[in-house]
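These are the residues of each chain, in order.
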Amino acid sequence: MPEQPEQTERPAQAEQLAALESVAWLCVRDGRLLAVRTHGKDRFYLPGGKLEPGESGPRALARELGEELGVRADARELTEAFVIEDEAHGQGGRPLRMTCYTGPATGALQPDREIAELDWFRDRPADTERCAPALRQVLTRLTTDGVLAR
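Residues numbered from 1 in each chain as written. Predicted model: local features only at pLDDT ≥ 70, side-chain atom pairs only at ≥ 80, totals over all residues. Heavy atoms only, no water.

1. A closer look at the nonpolar core
Here is step 1 of the chain: Leu26, Leu33, Leu46, Met98, Cys100, Leu135 and Val138 are the most contacted members of the largest nonpolar core, which totals 21 residues.
Here is step 2 of the chain: Those elements that place two or more of their residues in this core are strand E1 (20–25), strand E3 (32–38), strand E5 (79–87), strand E6 (95–102) and helix H3 (133–144).
Here is step 3 of the chain: Excluding its chain neighbours within four sequence positions, the residues that come into contact with Leu46 are Ala24, Trp25, Leu26, Leu33, Leu34, Val36, Met98, Cys100, Leu135 and Val138.
Here is step 4 of the chain: One finds Cys27, Val36, Val71 and Ile115 within the second-largest nonpolar core, a separate group that totals 17 residues. (Core = buried A, V, L, I, M, F, W, Y, C linked by side-chain atoms within 4.5 Å. Buried < 20%, exposed > 50% of the residue type's maximum accessible area, 1.4 Å probe, protein only. Helix = DSSP H or I, 4+ residues; strand = E, 2+ residues; numbered from the N terminus. Contact = heavy atoms within 4.5 Å.)

What follows is the structure, given as structure tokens:
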């Protein structure tokens with residue numbers, strides 16, 4: 001019987017990574033957008049986070065704002081503004097789907113739990129170089145829409 005060429009197993013096509021679903025708060029004051037940096041990270045993000053099982057976007061965001069910034073937001077007063085899709089920073093190529101909300105919150109903004117610092121950003125190189133990719137998209141969009149100062 002003739003010798004068959006050796007067959008090498010080809011790895012199955014890399015499994016697509018499920019998008020990281022998150023919620024974020026758009027807090028604009030004096031033409032600048034609030035951003036946060038967590039301990040151990042080198043980039044700034046929007047305040048917010050991931051949904052827990054069975055949690056709605058507004059409820060998750062209200063919870064995250066209390067945990068991260070010590071402010072209270074009523075989930076019923078949070079309004080979806082838009083969705084940003086990008087690569088999740090520091091997640092090995094995993095896609096990100098971030099639903100951004102606007103709405104009031106009460107209390108003094110204070111870094112809490114995993115938040116190392118707060119800062120206020122505009123769409124300018126000195127700010128954008130410190131931002132995660134999705135935040136850069138948000139800055140550009142809000143500047144184009146006339147929400148942020150140039």
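2. Section: the packing of aromatic side chains
Here is step 1 of the chain: Across all of its chains, the model carries one aromatic pair by this definition.
Here is step 2 of the chain: Residue placement shows Arg141 over the ring face of Phe82; its charged tip is 4.0 Å from the ring centre. (Phe/Tyr/Trp six-rings, centres within 6.5 Å; stacked < 30°, edge-to-face > 60°. Lys NZ or Arg CZ within 6 Å of the ring centre and 35° of its normal.)

3. Looking at the pairing of E3
Here is step 1 of the chain: Extensive coverage of E3 is indicated by the burial of six of its seven residues.
Here is step 2 of the chain: In this structure, strand E2 (residues 28–29) lies alongside E3, joined through two bridges in antiparallel fashion. Along E3, the bridge assignment pairs Val28 with Leu33.
Here is step 3 of the chain: Here E2 folds back onto E3, and the loop between the two strands holds two residues, one of which, Asp30, carries a positive phi near 50°.
Here is step 4 of the chain: Bridge count for E3 against strand E7 (residues 115–121) is six bridges, and the pairing is antiparallel. Bridging across to E7, Arg37 finds its partner in Glu117. (Pairing = 2+ DSSP bridges.)

4. So, the sheet that holds E7
Within a sheet, neighbouring strands are paired by backbone hydrogen bonds and run either parallel or antiparallel to one another.
Here is step 1 of the chain: What the three strands build is an open sheet, ordered E2-E3-E7; its pairing is antiparallel. Two strands lie at the open edges of the sheet, namely E2 and E7, each paired on one side alone.
Here is step 2 of the chain: Set on the sheet, H3 makes contact with E3 and E7; between it and E3 the angle comes to about 175°. (Axes fitted to C-alpha atoms, helices over the stretch in contact; angles between N-to-C directions.)

5. Details of the layout of surface pockets
Here is step 1 of the chain: Estimated volume of the largest pocket: approximately 610 Å³.
Here is step 2 of the chain: Lining of the largest pocket is provided by 24 residues; of these, Leu20, Tyr45, Gly48, Gly49 and Lys50 occupy positions nearest its centre.
Here is step 3 of the chain: If you list the elements that add at least two residues to the lining of the largest pocket, you get E1, E3, strand E4 (48–50), helix H1 (57–69), E6 and H3.
Here is step 4 of the chain: Each residue belonging to the lining of the largest pocket can be placed in one class, and the counts come to 11 nonpolar, six polar and seven charged. (1 Å grid on protein atoms, 1.4 Å probe; cavity = no way out; pocket = protein on both sides within 12 Å on 5 of 7 lines; lining within 4 Å. Points joined across faces, edges and corners; volume = space filled by probe spheres on them. Nonpolar A, V, L, I, M, F, W, Y, C, P; charged D, E, K, R; others polar.)

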